[in-house]
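Here is how the chains run, residue by residue.
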Amino acid sequence: MTTITKIKTGSKFEDHASYSRIVAVDDWIFVSNTAGRNPETKEIPEDVTEQTEQVFANIERALAAVDSCLADVVASRVFIQDPADTETVMTRIGEKFRGIDPTTTVTCPPLGSTVYKVELEVTAYRGASKAEITYKTVAI
């Protein structure tokens, strides 16, 4: 039988838009688009690198709630408000995902507010961090 776990954080946005921070379906884990708001202070850093750090902290905390971790991430979608910030954001994301190497989509759409400089959505598979990995190179 399939087990579904839905994680809420108490965010007014989750309540208003009726969504969960995480939905885990058996070992598949879907994390909603996550911004860099500190959950304790409710503040959002102005610096794009600091926002990126907070985004990862929020995602790692969310994954831990369902016995997972960043190393289980198999796909990411990166949303950057200002295309000029792409190099900075992707450098930090590259550092965080080094050796994990998920699929990644990067786009620069307008976000829900200009205060958000970066948001990240991930899909993880619980246990992927312990799986045997094979790398292949193909010409595409």
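The model shown is predicted, which means the values in this text are computed figures rather than measured ones.

*Asks:* Describe in detail the pattern of salt bridges, supporting the description with residues and values.
*Replies:* Scanning all chains against the criterion turns up 7 salt bridges. Put simply, E60 and K96 hold a salt bridge, and the shortest N to O gap is 3.3 Å. Highlighted residues: E60 in helix α2 (residues 48–64) and K96 in helix α3 (residues 86–97), separated in sequence by 36 residues. The partly exposed category is assigned to K96, whose relative accessible area is 22%. Between R77 and E121 there is a salt bridge, with the nearest N and O atoms lying 3.2 Å from each other. Of the two residues, R77 sits in strand β4 (residues 73–80) while E121 sits in strand β6 (residues 118–125), which places them 44 residues apart along the sequence. One salt-bridge network, held together by shared partners, links E53, R92 and E95.

*Asks:* Which residues make up the nonpolar core, and what are the values?
*Replies:* Core analysis: the largest hydrophobic core is formed by 24 residues, its most contacted members being I22, I29, I59 and F97. Going through the elements one at a time, β2 (22–25), β3 (28–34), α2, β4, α3 and β6 are the ones with two or more residues in this core. The greatest single-element share of this core, amounting to 6 residues, is contributed by α2. The next biggest cluster of nonpolar side chains, apart from the first, holds 5 residues, and it includes A35, I44, L111 and Y116.

*Asks:* Tell me about the pairing of strand β5 (residues 103–107), and name the residues and values.
*Replies:* Strand direction decides the pairing type here: β4 and β5, joined by 5 bridges, are parallel. Looking at the pairing, R77 lines up with T105 of β5. Tracing the backbone out of β4, into α3 and back to the parallel element β5 gives a crossover that is right-handed.

*Asks:* Go over the pairing of β2, please, and point to the residues and values.
*Replies:* Along any regular strand the residues' side chains alternate between the sheet's two faces. In β2, alternate side chains face the same way, and those of I22 and A24 are buried while those of V23 and V25 on the opposite face are not. Here β2 pairs with β3 via 4 bridges, running antiparallel. In the strand pairing of β3, I22 is matched with V31. Hairpin geometry of β2 and β3 is characterised by an intervening segment of 2 residues between the two adjacent antiparallel strands and by a positive phi of about 55° at D26.

*Asks:* Which residues make up the side chain of T123, and what values go with them?
*Replies:* Summarising the element assignment, T123 is placed in strand β6. A distance of 2.9 Å separates the side chain of T123 from the side chain of R77, its partner in a polar contact. Discounting residues that sit within four places of it in the chain, T123 has contacts with W28, I29, F30, V73, V74, A75 and R77.

Here is what the cut-offs are and how they apply
- Residues numbered from 1 in each chain as written.
- Predicted model: local features only at pLDDT ≥ 70, side-chain atom pairs only at ≥ 80, totals over all residues.
- Heavy atoms only, no water.
- Salt bridge = Lys/Arg side-chain N within 4 Å of Asp/Glu carboxyl O.
- Helix = DSSP H or I, 4+ residues; strand = E, 2+ residues; numbered from the N terminus.
- Buried < 20%, exposed > 50% of the residue type's maximum accessible area, 1.4 Å probe, protein only.
- Core = buried A, V, L, I, M, F, W, Y, C linked by side-chain atoms within 4.5 Å.
- Pairing = 2+ DSSP bridges.
- Right-handed = clockwise from strand over helix to strand, strands pointing away.
- Polar contact = N/O pair within 3.5 Å; in protein donor to acceptor, adjacent residues only side chain to side chain.
- Contact = heavy atoms within 4.5 Å.

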